[in-house]
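What follows is the residue order along each chain.
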Amino acid sequence: MNRLALKLLLPILLLLAWELLASGSARAPRPSTVVQAAAAMTASGDLPTGLATSLLRVFLGFATASVLAVPLGIVMGSVAVVERNLDPLVESFRPIAAIALLPLIILWLGTGTQAAVAIVAYAAFFPILINTIAGVKRIEPNLMRAAYTMGVGALTRMRVVLLPAALPAILIGMRIGLGVAWTAIIAAELAVGAKAGGQGGIGQMMFVFYAYSVELNGIVVCMVAVGIVALLLDRSLRFALARAVPWSAP
Amino acid sequence: MTDARMTDATMTDAKIRLSGIGKSFGAPAAPVVAVQDLSLDIRPGEFLTIVGPSGCGKTTVLNMLAGLETPTTGTMTLDGRPIRGPGAERGVMFQDYALFPWKTVRGNIGFGLVHGPAGAGLSAAEREERVRRVIELVGLTGSEEKYPHQLSGGMRQRVALARLMANEPQILLMDEPLAALDAQTRIILQDELLRIWGQDKPAAQRRTVVYITHSIDEAVFLADRVVVLSSHPGRLKRIVEIDLPRPRDDATRLSKGFADLCQSIWQSIREEAYRATMT
């Protein structure tokens, strides 16, 4: 009880200070005006629609990235020749931020959901790939050998030893990838076609608030919503991971 | 005690025969010789232990028997047929146990029956029955649904042993299986190992065991014969017949014959062991 109070003390003080310091300006957002704006945006349906649109794109992009990165990572992690040849390619693309691909993506895919999904998939691809490779390479070699000496065939060994042994690392990569995907979607949507209300996603809502209505409270509401969703995504994924790989739970 | 050549001449019914086995690692220009010119007959149903100072290539020998490594020179045969790669008739117990962390005790023990040839021709019920029997044999009843990380070192060792037994291999290859355990647990599990191997049964019903250890008293206590290797490179130094009566127990450990055999083996490797430790 006391600990909880202590933990809450600092945030409450900061909010109070913000409220007091900003009260002198008519346009500066304050906690009280932000809460009002959040209530209005929720009531109008814009905020839930925006979040839902963005989340759908994130999941699509994330799923695409996983489907591509996990099998590739398994092959790269287990076949040295493949890794030697592909690693330079991966490492030269990896530092290119997803947002830097935006001009090309817009030229190729337009400014709709497709483009946003592509950006997200690109961003999520690398953490998943790199963790999968690392997970496969770090497998205790005696596990594969144990199955080998029991006469288990090569393909079965891949399925029943290599995959589960690398699974904890793969899932960690997916958790990081999902976080990155959520970050990338905001950036992607800033540049994806303007739409009224929540149809363009949360990033597009921020852009509209910034460029057209100059509604600072709305921008802050979006920022807070993005943060809360990120936290919820991470926590629920962490929870799911602990269920999926009970053996690697500490 | 006999030397290798005499053994070769007198034994004709070898289960496994190693002739002039050598193994080198590294670049062909500057190879590191791990094992050199090792000839040895392993008799059916015998408990053979291999001791030697570190660097004598014990584990390399076991890995070659398992088919996980190929000898650079020489030939290896099992029942007269050359050994090429691993086979389900040779079960391996690894020093680190190599248990699958994502499988429960039951899942680990049944692994070879489910995914390997050991379970071919068995119904699901028969497999379950086999797993249940082995679990009982090694004293793991009640822990079937636990994961390896929830078990003590001694329990994990039992799981690894049970997994080996469940596949019913003709030959058991064991690489320092008790090395990671404390002294008391080791003694208990040595007794148990002999019971499971079948030291109370007639020799014809026993499985062939090749057992690597760095502990001389363990080697003597368990074995029908102790193979002593020298190091750098690993070469056959001596083969010592252990004629201590079976079944063996604590009385064996206290007997003069046991102490004499341990002392004799220690004398033959002490110089190298000192050199390995001091340099």
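Being a predicted model, the structure only gives us computed values, none of them experimental.

A.B. asks: Would you mind going over helix α7 (residues 141–149) of chain A with me for this structure?
C.D. replies: In an α-helix there are 3.6 residues to a turn, and that puts residues three or four apart on one side. Listed as buried for α7 of chain A are N142, L143, A146, A147 and T149 of chain A. Down the axis, α7 of chain A shows its buried residues gathered within 165 degrees of arc, on one side only. Lining the buried residues of α7 of chain A we find α8 (154–191) of chain A together with α2 (58–66), β6 (90–93), α3 (105–115) and α5 (153–166) of chain B. Following α7 of chain A by one or two positions, G151 of chain A adopts a phi angle in the positive range, close to 80 degrees.

A.B. asks: I would appreciate a short explanation of the domain arrangement of chain B in the present structure.
C.D. replies: Many authors give the size of an interface as the accessible area that is lost as the parts come together. Residues and elements named next belong to chain B. Taken as a whole, chain B is organised into domain 1 (4–89 + 171–278) and domain 2 (99–169). One C-alpha centre belongs to domain 1, the other to domain 2, and the line joining them spans 26 Å. A combined buried area of about 1200 Å² lies between domain 1 and domain 2, and 67% of that area is made up of carbon and sulfur atoms. Contact with domain 2 buries area across many residues of domain 1, yet A88, I196 and R207 alone supply 39% of it, more than any other trio. Across the pair R158 and E192 runs a salt bridge, and its minimum N-O distance is 3.2 Å. Where the side of domain 1 that touches domain 2 is concerned, the elements lending two or more residues are β7 (171–175) and α6 (183–197). For the side of domain 1 that touches domain 2, the element with the most residues is α6, which contributes seven residues.

A.B. asks: How should I be thinking about the side chain of T208 of chain B in this particular structure?
C.D. replies: Note that T208 of chain B resides in strand β8 (residues 208–212). Residues in contact with T208 of chain B, not counting those within four places in the same chain, are K15, I42, R43, P44, G45, E46, Q170, I171 and L172 of chain B.

A.B. asks: How should I be thinking about the pairing of strand β3 (residues 47–51) of chain B in this particular structure?
C.D. replies: It is a general feature of regular strands that their side chains alternate between the two faces of the sheet. Residues and elements named next belong to chain B. Counting buried residues along β3, five of its five residues qualify, which places the element largely inside the surrounding structure. As paired strands, β3 and β8 are joined by four bridges and run parallel to one another. Looking at β8, one finds that L48 is bridged to V210.

A.B. asks: What exactly am I supposed to notice about the pairing of strand β4 (residues 73–78) of chain B here?
C.D. replies: Residue and element names in this part refer to chain B. In terms of strand pairing, strand β1 (residues 16–25) meets β4 through five bridges, oriented antiparallel. Bridge pairing in β4 places G22 opposite T73. In this structure, β4 lies alongside strand β5 (residues 81–82), joined through two bridges in antiparallel fashion. Its bridge partner lying in β5, L78 is registered against R81. What sits between the antiparallel neighbours β4 and β5 is a turn of two residues, in which D79 has the positive phi angle 50 degrees.

A.B. asks: Please explain the pattern of salt bridges as it appears in this structure.
C.D. replies: A pair can form between side chains of opposite charge whenever their charged atoms are brought close. Under the counting rule described, the total for this entry stands at 24 salt bridges over all chains. We note a salt bridge from R186 of chain B to E218 of chain B, for which the minimum N-O separation is 3.0 Å. Linking R186 of chain B in helix α6 with E218 of chain B in helix α7 (residues 216–222), this pair joins segments that are 32 residues apart in sequence. For the pair R186 of chain B and E218 of chain B, a shared accessibility class is recorded, and that class is buried. Sharing partners across several salt bridges, the network here consists of R175, D234 and R238 of chain A.

A.B. asks: Help me understand a nonpolar patch on the surface, please; the structure alone is not making it clear to me.
C.D. replies: Where nonpolar side chains cluster on the molecular surface, the patch consists of L4, L6, L8, L9, I12, L13 and L16 of chain A and spans about 700 Å² of accessible area. The residue I12 of chain A is located in helix α1 (residues 2–22) in this model.

A.B. asks: Whenever I open this one, the sheet that holds β8 of chain B confuses me. Can you help?
C.D. replies: Sheets are built from strands paired through backbone hydrogen bonds, the pairs being either parallel or antiparallel. Residue and element names in this part refer to chain B. Here we have six strands laid out as an open sheet, ordered β6-β7-β8-β3-β9-β10, and mixed in their pairing. Each of the sheet's edge strands pairs with one partner strand only, and the pair in question is β6 and β10 (235–241). Strand-to-strand twist in this sheet, taken as the mean axis angle between neighbours without regard to direction, amounts to 20 degrees. With four bridges connecting them, β3 and strand β9 (residues 225–230) associate as parallel partners.

Thresholds, definitions, all that
- Residues numbered from 1 in each chain as written.
- Chains lettered and ligands numbered in written order.
- Predicted model: local features only at pLDDT ≥ 70, side-chain atom pairs only at ≥ 80, totals over all residues.
- Heavy atoms only, no water.
- Buried < 20%, exposed > 50% of the residue type's maximum accessible area, 1.4 Å probe, protein only.
- Helix = DSSP H or I, 4+ residues; strand = E, 2+ residues; numbered from the N terminus.
- Arc of directions from axis to C-beta.
- Contact = heavy atoms within 4.5 Å.
- Domains from an automatic or database assignment.
- Buried area = accessible area lost by both parts, 1.4 Å probe.
- Salt bridge = Lys/Arg side-chain N within 4 Å of Asp/Glu carboxyl O.
- Pairing = 2+ DSSP bridges.
- Patch = residues over 30% accessible without salt bridge, like charges linked within 9 Å, V, L, I, M, F, W, Y side chains within 5 Å.
- Areas by Shrake-Rupley, 256 points an atom, 1.4 Å probe, with all protein chains shown as cover.
- Axes fitted to C-alpha atoms, helices over the stretch in contact; angles between N-to-C directions.

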